[in-house]
Amino acid sequence: MTPEGKALSNIVILGFGFMLMFTAFQTCGNIEQTVIKSLNNFTASGYTSMSIIYGVFSASNLVAPSVVAVVGPQLSMFFSGLLYSAYIAMFIQPRVWSFYTASVLVGFGAAVLWTAEGNVLAINSTDTTIGRNSGLFWALQQFSLLFGNLYIYLAWQGHDHISEKDRQTVFISLTVISLIGCFLFFLIRKSDPSEPTPSETSEAPLHTESTDDSVSACKLSVSKEMMLLSLPIMYTGLELTFYSGVYGTCIGAMTRFGHNAKGLIGMSGLLIGVGEILGGGVFGILNNNRLGRNPVVLLGLLIHYLAFYLIFLNIAPDAPQAPEEGTDLQAYMTPNVGVALFCSFLLGLGDSCFNTQLLSMIAFLYKEDSAPAFAVFYFIQSIMAAIAFSYSNVLQLPWQLLLLVVTGFMGTLSFFMAEWGVVAKRRDSDYDSI
């Protein structure tokens, strides 16, 4: 197999490994607050758990590049995946102490996992393939939102209460799926020294080793380009919280949607996945940067604004904090299931617009420091997600939507400035070569 073919194969395996792991974890995150409400004498909060995860995730990004450099990306992803599996397995026999302990552990594992993923993506990409590879990985990984959520929709259809048997069946299955994904990472092949490298056949890969990845991450965090990108990254952290945890809980709490409200949580997650996959394919794989990144990000913002407006009209303001029995309040229109599910699709589609372009931009800008650059990306994103999960316990839906609108606007303008800087540098480089 040619070096280019091997690199593409590694990206596909990476995508399938993440697809299986996050079929389990994202389904778990989507339903855990609803599941916790069904437990007797269980005082923990799913929002608090997610806040701990992303808070530890954020802090751990300072050391994650060093861990990946010492252990290697392959083993880093495997052992991190085991921590994800342990978190999911905890729900088979939930205890408050084990719930919060697993939250801390998976937060550390997440930092190492995603830093290693960015490292593998950059190693197996070149200037011309990074857009395709980012979109391909993103689309494969987001298939994770389809299968687990489809199962939840079918299994919980018509349920007003989640029984112990329902819970254990779901989480045993999710744990097994997550473990299979962990072992897939061993299929990723390293470069054979006897084969020609990509630089000898076409272009140099987007990676070289850094002498001190943690120090590099600190330096990169104050670079002009990363400071500009920090605002759109912050926005992705806030909306990650909203679509992965808050919105599903809101739908499950809407008693006006009828007895199938719990099952609709799964259908909502599935349609978020459809939007993510469609966006990853169209704007990552097919676009290949011919139109530039700014139009894609602007489209993502407009899609999200439409979703936020419809959610504001359709979902009750107290839905994020409603008890298991749900809420009888009404927003500004008669609650409509079709509108709620259409918004799920829009949330996923808009999210893919932002993330595919941010991944592409960072891998392009930081060719020689990919691991620390992605560590900074996930540090910023995760700390904002931790903040968002914290305020989700108390802040009503309209205020959460307002924060998303404001940060989305500021983040888009900041991304435009970063992209214009990249275009200007490329133009200057072209002039210098004449």
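For the structure itself, consult the block above.
Residues numbered from 1 in each chain as written. Predicted model: local features only at pLDDT ≥ 70, side-chain atom pairs only at ≥ 80, totals over all residues. Heavy atoms only, no water.

Some remarks on the overall build of the protein
When helices and strands are tallied, the protein shows 16 helices and zero strands. Classification of the 434 residues of the protein by burial places 60% in the buried group. Sequence separation of at least 24 residues holds for 87% of the intrachain contacts in the protein that already meet a minimum separation of 6. (Helix = DSSP H or I, 4+ residues; strand = E, 2+ residues; numbered from the N terminus. Buried < 20%, exposed > 50% of the residue type's maximum accessible area, 1.4 Å probe, protein only. Contact = heavy atoms within 4.5 Å.)

Examining the environment of Ile233
For Ile233, the position within the fold is in helix α11 (residues 224-253). On the accessibility criterion, Ile233 (0% relative accessible area) is buried. On a C-alpha basis, the gap between Ile233 and Phe377 in space is 6.8 Å, while along the polypeptide they are 144 residues apart. When neighbours within four sequence positions are excluded, Ile233 is seen to be in contact with Met226, Leu358, Ile362, Phe377, Ile380 and Gln381.

Things to note about unusual backbone geometry
We note that Asn41 has phi near 55°; this positive angle belongs to a residue other than glycine. Mapping Asn41 onto the fold places it in the loop between α1 (3-37) and α2 (46-60). Look at Asn41 and you get exposed, because its relative accessible area is 79%.

Details of helix α8 (residues 164-184)
With 21 residues, α8 extends 31 Å between its outermost C-alpha atoms, agreeing within 8% with the 30 Å of an ideal straight helix rising 1.5 Å per residue. The secondary structure elements touched by the buried residues of α8 are α1, α4 (73-89) and α7 (144-155). (Expected span 1.5 Å × (residues − 1).)

Focus: a nonpolar patch on the surface
Taken together, the side chains of Val70, Val71, Leu75, Phe79, Leu82, Leu179, Phe183 and Phe186 present a nonpolar region at the surface, about 700 Å² in accessible area. Contributions of two or more residues to the nonpolar patch are made by α3 (64-71), α4 and α8. Counting residues per element, the nonpolar patch draws most heavily on α4, which supplies three residues. Here Leu179 is to be found in helix α8. Judged by its relative accessible area of 31%, Leu179 falls in the partly exposed class. (Patch = residues over 30% accessible without salt bridge, like charges linked within 9 Å, V, L, I, M, F, W, Y side chains within 5 Å. Areas by Shrake-Rupley, 256 points an atom, 1.4 Å probe, with all protein chains shown as cover. Salt bridge = Lys/Arg side-chain N within 4 Å of Asp/Glu carboxyl O.)

Some remarks on the packing of α4 against helix α5 (residues 96-123)
For the pair α4 and α5, the least separation of the axes is 8 Å and the interaxial angle reads 150°. One way to sum up the angle between α4 and α5 is to call them roughly antiparallel. Pair α4 / α5 crosses with left-handed handedness. (Axes fitted to C-alpha atoms, helices over the stretch in contact; angles between N-to-C directions. Parallel < 35°, antiparallel > 145°, perpendicular 65-115°, else oblique. Left-handed = near helix turned anticlockwise from the far one by under 90°.)

Concerning the packing of aromatic side chains
Applying the stated criterion across every chain, the model contains 28 aromatic pairs. Ring geometry for Phe18 and Phe137: centres 5.2 Å apart, planes at 75°, overall edge-to-face. Of this pair, Phe18 sits in helix α1 while Phe137 sits in helix α6 (residues 130-142), and the two are 119 residues apart along the sequence. A single burial state applies to Phe18 and to Phe137, both of which are buried. Taking the centre distance of 5.2 Å and the plane angle of 70° together, the rings of Phe78 and Phe79 count as edge-to-face. Here Phe78 falls in the buried class, since its relative accessible area comes to 9%. (Phe/Tyr/Trp six-rings, centres within 6.5 Å; stacked < 30°, edge-to-face > 60°.)

Details of the packing of α5 against α6
At a minimum axis separation of 11 Å, α5 and α6 run at an interaxial angle of 140°. By the criterion of interaxial angle, the relationship of α5 to α6 is oblique. On the side of α5, the interface is formed by Trp114, Glu117 and Leu121, while α6 contributes Ile130, Asn133, Ser134, Phe137 and Gln141. Each residue belonging to the contact of α5 with α6 can be placed in one class, and the counts come to four nonpolar, three polar and one charged. (Nonpolar A, V, L, I, M, F, W, Y, C, P; charged D, E, K, R; others polar.)

Quick notes on the environment of Gln141
By the secondary structure assignment, Gln141 is in helix α6. With a relative accessible area of 3%, Gln141 lands in the buried category. As a C-alpha pair, Gln141 and Thr23 span 118 residues in sequence and 8.5 Å in three-dimensional space. Sequence-distant contacts of Gln141, that is, excluding residues within four places in its chain, are made with Gly15, Phe18, Met19, Phe22, Gln26 and Trp114.

Focus on the side chain of Glu419
By the secondary structure assignment, Glu419 is in helix α16 (residues 397-432). You can call Glu419 buried: its relative accessible area is 7%. When residues no more than four places from it in sequence are discounted, the contact partners of Glu419 are Gly292, Arg293, Asn294 and Met361.

Considering the nonpolar core
With 125 residues, the main nonpolar core has Tyr87 and Trp114 as its most contacted residues. Looking at this core element by element, the count peaks at 15 residues for helix α14 (residues 337-365). What Tyr87 contacts, discounting residues up to four positions off in sequence, is Phe25, Cys28, Glu32, Ser49, Met50, Ile53, Phe99, Ala102, Ser103 and Val106. (Core = buried A, V, L, I, M, F, W, Y, C linked by side-chain atoms within 4.5 Å.)

Some remarks on the pattern of salt bridges
Oppositely charged side chains can pair when the atoms bearing their charge come close. This model, assessed by the stated rule, comprises one salt bridge. Salt-bridge contacts for Glu419 lead to Arg293; the nearest nitrogen and oxygen are separated by 3.1 Å. You can see Glu419 sitting in helix α16 and its partner Arg293 sitting in the loop between α12 (261-286) and α13 (294-314), a full 126 residues away along the chain. Each of the two residues, Glu419 as well as Arg293, counts as buried.

Overview of the side chain of Arg293
The class for Arg293 is buried, based on a relative accessible area of 3%. Ignoring anything within four residues of it in the chain, the contact list for Arg293 reads Gln357, Ser360, Met361, Phe364, Phe415, Glu419 and Val422.

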